[in-house]
Amino acid sequence: MKVLVAPAWFWEAAEGRPVAGDTVRVLGSKTLGADGELYLVAREIETGGSGCTCSFRNDAGQPL
């Protein structure tokens, strides 16, 4: 399943973002794309290595 996170400019500025090999926990909502693929729209991503949680959406699903 692919995870949709944020625009590149937002994600690149986020502190504590995961790097290759990190274990992550993603909290979000599943959605079916127009291409028939299943996606997870991330609300929060917690990186296992740093323990940092990056929030991308509020409880209503709107971008921060």
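Residues numbered from 1 in each chain as written. Predicted model: local features only at pLDDT ≥ 70, side-chain atom pairs only at ≥ 80, totals over all residues. Heavy atoms only, no water.

A. Molecular detail of the overall build of the protein chain. Assigned secondary structure in the protein chain consists of one helix and four strands. Listing every helix and strand of the protein chain by position from the N terminus yields β-α-β-β-β. A compact globule built from 64 residues should have a C-alpha radius of gyration of about 11 Å, and the protein chain, at 12 Å, falls within 12% of that. With respect to the three principal axes, the spread of C-alpha positions in the protein chain is 35 × 25 × 20 Å. Contacts in the protein chain between residues far apart in sequence, at least 24 positions, make up 35% of those at least 6 positions apart. With an accessible surface of roughly 4500 Å², the protein chain has 52% of that area assigned to carbon and sulfur atoms. Here the protein chain contributes 6 positively and 8 negatively charged side chains, and the mean placements of these two sets differ by 4 Å. (Helix = DSSP H or I, 4+ residues; strand = E, 2+ residues; numbered from the N terminus. Rg over C-alpha atoms; globule rule 2.2 N^0.38 Å. Contact = heavy atoms within 4.5 Å. Areas by Shrake-Rupley, 256 points an atom, 1.4 Å probe, with all protein chains shown as cover. Lys, Arg positive; Asp, Glu negative; His and termini not counted. Charge placed at Lys NZ, Arg CZ, Asp CG, Glu CD.)

B. Region of the structure containing the pattern of salt bridges. Taken as a whole and assessed by the stated rule, the structure comprises two salt bridges. Note that Arg25 is salt-bridged to Glu46, the shortest N-O span being 3.3 Å. Of this pair, Arg25 sits in strand 2 (residues 24-32) while Glu46 sits in strand 3 (residues 38-47); the two residues are 21 residues apart in sequence, bridging distant segments of the chain. Across the pair Arg43 and Asp59 runs a salt bridge whose closest N-O atoms are separated by 3.7 Å. Taken as a pair, Arg43 in strand 3 and Asp59 in the segment after strand 4 (53-55) lie far apart in primary sequence, 16 residues in all. (Salt bridge = Lys/Arg side-chain N within 4 Å of Asp/Glu carboxyl O.)

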